[in-house]
Each structure stands twice: as structure tokens, then as C-alpha cells.
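Take a look at the letters that make up each chain.
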Amino acid sequence: MSDYNGHMVKIVDHPYALGDKYKQSPIYTLAKETCGKEAVYQGMRQINEYQGEHVFLCR
């Protein structure tokens, strides 16, 4: 996890968007545990060739 403010969580991992099946990803599991409730995938920002920052809204 790279950032969490109570409303949004950002997780650094691979540089590929998770797509429609994001709930099957271990990244989603971490986001949901961090939020303590539902986490909704918003997208990914590429940091470098090997890393992307995945953004989730906590609901």
C-alpha cells in the first residue's frame, strides 16, 4: 500500500490495469482489507516500466 486516507487506497504493484474482474486480484483483497469495507477499482497510474499505482475508493 502506498497511500490511504480513509476514503481512497493506492497500492503499488504491476503496471497493468486490473479490468472488469478486479475482484479476483490479490490487489483488490488488500484494498478491501485496508478499507475495512467495499473497495471500488478506479484505475491504474503507471509509475515506471515495472510498477503501477492502483487506486480504489472505499465505500
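Here the structure is a predicted model, which means the values were calculated and not measured.

(A) Spotlight on the state of the cysteines. Evaluated as defined, the whole model comprises one disulfide. Disulfide pairing is shown between C35 and C58; the S-S distance is 1.9 Å. Residues C35 and C58 are joined through a disulfide that is left-handed, its torsion about the S-S bond being -65°. A residue pair is termed long-range when its members are at least 10 positions apart, and C35 in helix α1 (residues 26-35) and C58 in strand β4 (residues 52-58) qualify at 23 residues. Here the two residues C35 and C58 agree in accessibility, since each one is buried.

(B) Layout of a nonpolar patch on the surface. Where nonpolar side chains cluster on the molecular surface, the patch consists of M1, Y4 and L30 and spans about 290 Å² of accessible area. Relative to the assigned elements, Y4 resides in strand β1 (residues 3-4).

(C) Geometry of the pattern of salt bridges. Applying the stated criterion across every chain, the model contains two salt bridges. Here E38 ties to K23 by a salt bridge, and the two come within 3.4 Å at their closest N and O atoms. In this pair, E38 is assigned in the loop between α1 and β3 (39-46) and K23 in the loop between β2 (8-13) and α1, connecting sequence segments 15 residues apart. Classification of E38 by relative accessible area gives partly exposed; the value is 28%. Accessibility expressed as a relative area gives 48% for K23, which makes it partly exposed. E53 serves as the salt-bridge partner of R45, at 3.1 Å between the closest nitrogen and oxygen. For R45, a relative accessible area of 48% translates into the label partly exposed.

(D) Region of interest: the side chain of T34. On the secondary structure map, T34 appears in helix α1. Among the polar contacts made by the side chain of T34, one reaches the main-chain carbonyl oxygen of L30 at a distance of 2.8 Å. If sequence neighbours within four positions are ignored, T34 has contacts with M1, Y4 and V9.

(E) The arrangement of the pairing of β4 in detail. With six of seven residues buried, β4 lies mostly within the body of the structure. Pairing between β2 and β4: six bridges, direction antiparallel. Bridging across to β4, V12 finds its partner in E53. Hairpin geometry of β3 and β4 is characterised by an intervening segment of five residues between the two adjacent antiparallel strands.

About the cut-offs
- Residues numbered from 1 in each chain as written.
- Predicted model: local features only at pLDDT ≥ 70, side-chain atom pairs only at ≥ 80, totals over all residues.
- Heavy atoms only, no water.
- Disulfide = S-S within 2.5 Å.
- Helix = DSSP H or I, 4+ residues; strand = E, 2+ residues; numbered from the N terminus.
- Buried < 20%, exposed > 50% of the residue type's maximum accessible area, 1.4 Å probe, protein only.
- Patch = residues over 30% accessible without salt bridge, like charges linked within 9 Å, V, L, I, M, F, W, Y side chains within 5 Å.
- Areas by Shrake-Rupley, 256 points an atom, 1.4 Å probe, with all protein chains shown as cover.
- Salt bridge = Lys/Arg side-chain N within 4 Å of Asp/Glu carboxyl O.
- Polar contact = N/O pair within 3.5 Å; in protein donor to acceptor, adjacent residues only side chain to side chain.
- Contact = heavy atoms within 4.5 Å.
- Pairing = 2+ DSSP bridges.

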